[in-house]
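Here's the letter readout for the chains.
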Amino acid sequence: MLTENKPNDFIREAVAEDLKNGRFDYVRTRLPPEPNGYLHIGHVKAFMIDYLVAKENNGELILRFDDTNPTKEEVEFVEAIKDDARWLGIVWVKETYASDYFDLLYDWAKRLVLMGKAYVDDQTPEEVSKNRGTLTEPGKNSPFRERSVEENLELLERMKNGEFPDGSRILRAKIDMAHSNINMRDPAMYRILHTPHHRTGDAWKIYPLYDWSHGQNDSMEGITHSLCSLEYEDHRPLYEWFLEQLDVFKPRQIEFARLNMNYTVMSKRKLRRLVEENHVNGWDDPRMPTLRAMRRRGYAAEAILDFIRRVGIAKNYSVTDVALLEACVREDLNKTSSRRMAVIRPLKVVIDNYPDDLVEEMDAINNPEDADAGARKVPFSKVIYIEQDDFRETPPPKYHRLYPGNEVRLRYAYFVKCTHTVKDDAGNIVEVHVEYDPSTRGGDASDGRKVKSTIHWVSAAHAIEAEIRMYDRLFSKENPEEGEEGFLNCLNAGSLEILTGRVEPSLTTPEIGARYQFERLGYFCVDKDTTAEKPVFNLTVNLKDAWTKAEKGRNR
RNA sequence: AGGGGCGUGGUGCAACGGCAGCACACCAGCCUUUGGAGCUGUGGAUCUUGGUUCGAGUCCAGGCGCCCCUGCCA
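Residues numbered from 1 in each chain as written. Chains lettered and ligands numbered in written order. Predicted model: local features only at pLDDT ≥ 70, side-chain atom pairs only at ≥ 80, totals over all residues. Heavy atoms only, no water.

Caption draft 1: The protein's contact with RNA strand B, seen in detail. The environment of RNA strand B is made up of 65 residues, and the closest members are Glu-13, Arg-339, Arg-409, Gly-442 and Lys-544. The protein-proximal atoms of RNA strand B, defined as those within 4 Å of the protein, are 64% sugar or phosphate. At 3.2 Å, a backbone N or O of Gln-123 approaches a base nitrogen of RNA strand B. Contact between RNA strand B and Asn-334: a sugar or linking oxygen at 3.1 Å from a side-chain N or O atom of the residue. Contributions of two or more residues to the surface near RNA strand B are made by α5 (125-130), α11 (301-311), α12 (322-336) and α14 (546-555). With 4 residues, the single largest contributor to the surface near RNA strand B is α12. (Near = heavy atom within 4 Å. Polar contact = N/O pair within 3.5 Å; in protein donor to acceptor, adjacent residues only side chain to side chain. Helix = DSSP H or I, 4+ residues; strand = E, 2+ residues; numbered from the N terminus.)

In structure tokens, the structure reads:
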């Protein structure tokens, strides 16, 4: 399904070209997550490019964790990342780790030293930084740059054996301190870190940096296409330099623009702060852009994948409108979710001319988009709840719902006409009284008269109480990333609203994760906090609401 | 400023020298037992200047704008 009508973008074109002209005769890509955080929607784009490019070319995908920095990485993220990737439907032939190649990589480093292409530098981090030069001025050679091969070899071995403290020395490639590309000014290959690693334990006291590890790992694994985001474009000359010096298999690196989305933040550091400073309730808080949050919120993998497909691939810096994601989620749920009636802000309605003790079972369609979804019975009685929004004492123009003197349809039940209201001492409406027309059972009038509105309801005696968690955008600004602290200053105070609603009795013990459309409101899914006493529903995404929009527009 | 990259409706992506199109958003209408869904329709874009060409979003030259790069992060 995913490969039908496959899009044509510059990456797929490049891969096809490489196959055609013989640069490669197979395709193998790699998924290179760093296990230092949870996956977010931005990762999905990169993952799907890697996965689909391999799949569409009958190639392979290797899941390779980029675990070169033990000070930041943890095992718990490895399992979480795999779980999310599987949920997306991604299939990989092999799971590897950068750390699997530490021995071989070290041998390759020694080869470079032997060739006089790498050296141990004793400068302090400050000196290294100072001597790197600036964007416009060349750097200065390290005083240790011309050490003998023998000395470099010995020093490197001693670094590896843990004889020197953290930060005291690094191994650097010997390229050109005056290079216009700063990445080529003798980049660091190994740093000393006396930190245990989640896989290699305390076997290593030096760890490779990204630039030294990644491309070599790609080569070792026979990766043909190393697809990454735009900020690595500047690193490509270095990527190629190492492979050239080593004279090993040469994968091709191709860069694309990462996914950005408005009304959210995507950087791991900022997401971490939201969690750690309790602006949200954990990594799976449904307001987060993480995959765990979206799963909890009720987004289907198909919807997310559809979104990624529609966003496309290019090299332009871009910010995708979150409305597109929501449209994909709605489109998916419209076709697949069962309809139910739920009232999230209840208003009591008494049908004065309805028999006191009568209970009728009304026939309700489960999904008008899917004939196979069947039907169900919904109990109806004299006292019901409707949505507060569905009643107005003094209706604004074009308001078609319930108001004194107006007749509306109760979905799948009867036409009712409002006669009067009952107010409390403070003047708030606490009850709405209506009269029903017994000849309209099921919702059709035998005399052919029309009503302009159909509203949903639940029977007060039969409905059950439920916690409804209403979510809105986490940030009130389109671009919360503006400014360092800016994102914390534009948190949307109304991003979470917890309501106590009433749902029809078929929802008494719902299955966790089940997705429903609450008619006229939106799509909701059953949260894991659900108990036997009380179901908890998350708003996945609201239904498009032409009335609210029109009314807001008028008031503006 | 040095290097690398990018400029197409509001947003994202196409058009590979030949009528600038698709999706989302927006607006209008039709339909409707969800003011949902569906259907129909409208408006709106090639950063700029010059050149090549029968013909340029596409090729060439200059300008302008935006993004990334001075971690022992990835």
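There's plenty left to go through after this.
Caption draft 2: Structural detail: the confidence of the model for chain A. In this model, chain A carries a mean pLDDT of 96, and residues with pLDDT of at least 70 account for 98%. This stretch, residues 1-5, has a pLDDT under 50; its non-local contacts, to residues over four places away or in other chains, come to 5 contacts. (pLDDT = per-residue confidence, 0-100. Contact = heavy atoms within 4.5 Å.)

Caption draft 3: Main features of the sheet that holds strand β3 (residues 94-97). On the basis of which strands lie adjacent, the open sheet formed by 3 strands has the order β1-β2-β3 and parallel pairing. A strand with exactly one partner marks an edge of an open sheet, and here the two such strands are β1 (28-31) and β3. Between one strand axis and the next, the sheet turns by 30° as a mean value, whatever way the strands run. With 4 bridges joining them, strand β2 (residues 60-65) and β3 adopt parallel strand pairing. Bridge pairing in β3 links Leu-63 to Glu-95. Docked against the sheet, helix α3 (residues 75-87) engages β2 and β3, running at close to 155° with respect to β2. (Pairing = 2+ DSSP bridges. Axes fitted to C-alpha atoms, helices over the stretch in contact; angles between N-to-C directions.)

Caption draft 4: Region of the structure containing the sheet that holds strand β20 (residues 458-459). Ordered by their spatial adjacency, 7 strands build an open sheet running β19-β16-β17-β18-β12-β15-β20, and the pairing between neighbours is mixed. The two strands at the open ends of the sheet, each matched to only one other strand, are β19 (454-455) and β20. Of the pairings in the sheet, the one linking strand β17 (residues 415-423) to strand β18 (residues 429-436) comprises 7 bridges and is antiparallel in character. Within β18, the position partnered with Val-416 by the bridge is Tyr-436.

Caption draft 5: Here's a closer look at unusual backbone geometry. Here Asn-58, not a glycine, exhibits a phi torsion of approximately 55°, which is positive. Residue position: Asn-58 is located in the loop between α2 (41-56) and β2. One non-glycine residue with positive phi stands out, namely Arg-520, at about 70°. Inspection of the secondary structure puts Arg-520 in the loop between β23 (515-518) and β24 (522-526). Since its relative accessible area comes to 33%, Arg-520 is described here as partly exposed. (Buried < 20%, exposed > 50% of the residue type's maximum accessible area, 1.4 Å probe, protein only.)

Caption draft 6: Structural detail: the environment of Leu-193. Mapping Leu-193 onto the fold places it in the loop between β6 (188-192) and β7 (206-208). Taking the C-alpha atoms as reference points, Leu-193 and Gly-167, 26 residues apart in sequence, are found 7.6 Å from one another. When neighbours within four sequence positions are excluded, Leu-193 is seen to be in contact with Asn-69, Pro-70, Thr-71, Asp-166, Trp-204, Lys-205, Ile-206 and Tyr-207.

Caption draft 7: Region of interest: the packing of α11 against α12. Where α11 meets α12, the closest approach of the two axes is 8 Å, and the angle between their N-to-C directions is 135°. Our classification of the angle between α11 and α12 gives oblique. Between α11 and α12 lies a crossing whose hand is right-handed. In this structure, α11 contributes Glu-302, Ala-303, Asp-306, Phe-307, Arg-310 and Val-311 to the contact, and α12 contributes Leu-324, Leu-325, Cys-328, Val-329, Glu-331 and Asp-332. Split into classes, the residues belonging to the contact of α11 with α12 amount to 7 nonpolar, no polar and 5 charged. (Parallel < 35°, antiparallel > 145°, perpendicular 65-115°, else oblique. Left-handed = near helix turned anticlockwise from the far one by under 90°. Nonpolar A, V, L, I, M, F, W, Y, C, P; charged D, E, K, R; others polar.)

Caption draft 8: Quick peek at the pairing of strand β21 (residues 464-471). Counting buried residues along β21, 7 of its 8 residues qualify, which places the element largely inside the surrounding structure. Examined bridge by bridge, β21 and strand β22 (residues 496-503) share 8 bridges and lie antiparallel to one another. If you follow Glu-465 over to β22, its bridge partner there is Arg-502.

Caption draft 9: Representation of the packing of aromatic side chains within the structure. Per the counting criterion, the structure on display carries 21 aromatic pairs. Judged by centre distance (5.2 Å) and plane angle (50°), the rings of Tyr-38 and Trp-283 are tilted. Of the two residues, Tyr-38 is situated in the loop between β1 and α2 and Trp-283 in the loop between α9 (268-276) and α10 (291-297); the sequence distance between them amounts to 245 residues. For the pair shown, Tyr-38 and Trp-283 are each scored as buried. Here the aromatic rings of Phe-380 and Tyr-414 are separated by 5.6 Å at their centres, their planes lie at 50°, and the arrangement is tilted. In this pair, Phe-380 is assigned in strand β14 (residues 375-380) and Tyr-414 in the loop between β16 (407-410) and β17, connecting sequence segments 34 residues apart. For Phe-380, a relative accessible area of 0% gives the class buried. Accessibility expressed as a relative area gives 4% for Tyr-414, which makes it buried. (Phe/Tyr/Trp six-rings, centres within 6.5 Å; stacked < 30°, edge-to-face > 60°.)

Caption draft 10: Inspection of the pattern of salt bridges at higher detail. One pass over the structure, following the stated rule, counts 54 salt bridges. The partner of Arg-147 in a salt bridge is Glu-151, with the nearest N and O atoms 3.5 Å apart. Judged by relative accessible area, which is 14%, Arg-147 ranks as buried. Of the residues examined, Glu-151 reaches a relative accessible area of 34% and is grouped as partly exposed. When the shortest N-O distance is used, the salt bridge between Asp-284 and Arg-296 registers 3.3 Å. Residue Asp-284 is located in the loop between α9 and α10, and its partner Arg-296 is located in helix α10; the two are separated by 12 residues in the primary sequence. Through salt bridges that share partners, Asp-284, Arg-296, Glu-467, Arg-469, Asp-527, Lys-528 and Asp-529 make up one connected network. (Salt bridge = Lys/Arg side-chain N within 4 Å of Asp/Glu carboxyl O.)

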